[in-house]
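Tertiary structure, described
The chain contents come next:
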Amino acid sequence: MFFKFKRFRDFSIRTKLIIGFLAILLPLVLILSIVFYSYSAKIVLKQSLEQTREIVEQFSISLDNYMGLMRNKMEILADSPTIQEELNTHQDKEDIKNDSFYSRNKRIRRIMLQIYSSVTMNDVEIYGINETNHYLSLWSKKYEIPDKDILFENANLSKGRSVLVNNINDADTIQMIKMVKDLQTYKPIGYIRFGLKRNYIEKMAKNINFGSDGSVVIFDENLNKISGIAHDSALSKLLKEKPSTGNFSYSEGKNEYTAVHIHSDSTGWTTVGVIPLRYINKDLAGIQYLTVIIIVLTIIIGVTVSVIIAQSLILPLENTVNALEKFSRGDFAVRLKENRCDEIGKLNRIFNKAIKEINELMQKVTQSEILNKEMEFKTLQSQMNPHFLYNTLDAINWLAFKEKQTEICNLVAAISSLIRASISNKKSIITIEQELDYVKNYIYIQHIRYKDRFDIIYDIDESLLKQAVPKLIIQPIVENAIIHGIENSKNKNLLYISVKRENECIIIIVKDTGIGMTDEKVSELLKEPLNAEGDEQKAHTNLGLYAVHKRIQLMYGDLYGLTVQSQAGEGTTVTLHIPFTKKQEMFYRQSPH
């Protein structure tokens, strides 16, 4: 099981999505199809049963009407004055001689002919308690009724109502008999019997067809078969059915049937319509075919939709993978489309932003490395053997001390401190206090060189002296102020150095009252200098300010760095912005030594 899950885990996401979609779709389609087919089958079965019930009910009504017609004919005979007179006559020899017997006999025969129908009846017979008997039939010979006493007994029990007697020993005739009473005294005077044709009822039943094996079966009140083919299973089921109207299913051999039965209160008979289930299944075949088509179409549509959805999800991921592969090979220009508003569009936007930021960071790192290499190169160019320089300066300092040249001694000491700071000190992060020491040594040397050409003013917030800053960020600015602002000036100038805090920012200002510069030159100061031949001094100046500016931005961000304000003839102000840092030890731990 774990192995199979592991194999599934190794499938592509597209395959997993399609399999997952189908795993949900197929059971759902099958369940809905089964529910749809079951519901449709119930509707078809209900409609078939309802239609069968209406047909059987209509047939039962027709059968009741037929029997009602036979009863009406019996009533006509029983109420006929001629029949009444005939059945009330006392037959003796004297009466036979005096009475016009043959004339009345002819009238009775004419009445019986009017009632008789050869289509529905086998014979008609009138019995008199006075032993009168009249018989009419198409048969050449009078039909002898088996168990005649049973007929008279049923007629007596019905007390004047017509009654149907289904003699199972008589395959051709169903007997209907009625006791005739005197219309004046209501005393029994005779009986009227109709021999109804059984095959007429069978012909009526054959007009109804529910299928190749469907039929109508008629049972009397004792559930003896009158017409049709009765299955034993149907009869046993019918014996258990108490309602006058209902339906049930049964099996006979390999065949299954549904039966609808209706009981007639008029005749006491039960009419049963038998329908083979395969007849009903003919209607269900179309639904089955439709269900299969729906299942197939749903699966095809489901697979197509799942492939489209999977493709719409996987294609952007593949584009992202391809973009990452290109990026891993060094292509920083790769970009993804951002025209989508979903999670994939959000992912693409984040990807593009990340690539852009990485590219910018790479450029900054590259620029920083190039700048550091240039500064190292400049430093290496300016380096001589430190021990040789220190020994030489010590010799000069000793000679000056021997000659009691104090000023030369101080100058040599200042130069030694500067060289030691720029060459020997490998720390990249120092305190503002150390940085100001370098500046003071440099200014002392320049004071010796330029005599009284400028004065210096310090405005330092002593609480900031222990703030960590990158090494040599103030000295290049002071150097630029002296060389380009004060050196070319004919007047005595002022050099102002300020270190203050404004909110969370440290502001370092180097201001001179020298010759100043034009706006064009100001705009070029913080741009990357071009090493133009014959203009080494300009390149050196630009590199110093540009290097300080870029080092600050690379370390603290683009919000920090240098700003230059100058006006020709009025001096220059260079302002340095760096962030105020509370935890100074972090800079010392991170700075290289």
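Located above this text is the structure these notes cover.
The structure contained in this document is the topic of the report that follows. (Residues numbered from 1 in each chain as written. Predicted model: local features only at pLDDT ≥ 70, side-chain atom pairs only at ≥ 80, totals over all residues. Heavy atoms only, no water.)

Remarks on the sheet that holds strand S16 (residues 561–567)
Inclusion rule: Strands are labelled as partners when DSSP assigns at least two bridges between them. In this text, helices come from DSSP runs of H or I with a minimum length of four residues, and strands from runs of E with a minimum of two, each type numbered from the N-terminal end. Axis definition: a line fitted to C-alpha atoms, limited for helices to the stretch in contact. Angles are taken between N-to-C directions and run from 0 to 180 degrees. Should any heavy atoms of two residues lie within 4.5 Å, those residues are counted as being in contact.
With mixed pairing, five strands are arranged side by side in an open sheet as S12-S14-S15-S17-S16. The open sheet has two edge strands with one neighbour each: strand S12 (454–460) and S16. Here the strands of the sheet are splayed against their neighbours by 10° on average, with no regard to which way each runs. In terms of strand pairing, strand S15 (residues 505–512) meets strand S17 (residues 571–579) through eight bridges, oriented antiparallel. If you follow Lys 511 over to S17, its bridge partner there is Thr 573. Contacts between helix H13 (residues 432–450) and the sheet are confined to S12, strand S14 (493–502) and S15, with S12 contributing the most and set at about 170° to the helix.

Looking at the packing of aromatic side chains
Stated precisely, the cut-off is as follows: Two rings from Phe, Tyr or Trp (for Trp, the six-membered ring) form a pair when their centres are within 6.5 Å of each other. A pair whose planes differ by under 30 degrees is stacked, one over 60 is edge-to-face, and the rest are tilted. The buried label goes to any residue with under 20% of its type's maximum accessible area, the exposed label to any with over 50%, and the partly exposed label to all in between, with areas taken from a 1.4 Å probe on protein chains only. Each ring is checked for a lysine NZ or an arginine CZ that lies within 6 Å of its centre and within 35 degrees of its normal; such an atom marks a charge sitting over the ring.
Tallied over the full model, the rule gives six aromatic pairs. For the pair Phe 248 and Tyr 250, a centre-to-centre distance of 6.1 Å together with 45° between the ring planes defines the contact as tilted. Note on Tyr 250: relative accessible area 5%, which makes it buried. Here a set of aromatic residues connected by ring pairs shows up, and it is made of Tyr 127, Phe 152 and Tyr 191. For the cation-ring pair, Lys 440 lies above Tyr 458, with the distance from its terminal atom to the ring centre recorded as 5.4 Å. When the ring centre of Phe 580 is taken as reference, the NZ or CZ atom of Arg 501 above it lies at 3.7 Å.

Some remarks on the nonpolar core
Definition in use: By convention a nonpolar core is built from buried Ala, Val, Leu, Ile, Met, Phe, Trp, Tyr and Cys residues, the set being connected through side-chain atoms within 4.5 Å.
Membership of the largest hydrophobic core comes to 37 residues, with the highest contact counts inside it found for Ile 474, Val 478, Ile 482, Leu 495, Ile 506 and Ile 578. Among all residues touching Val 478, those that are not within four sequence positions of it are Val 439, Tyr 442, Ile 443, Leu 495, Ile 497 and Val 510.

Scope: geometric values only; no functional claims are made or implied.
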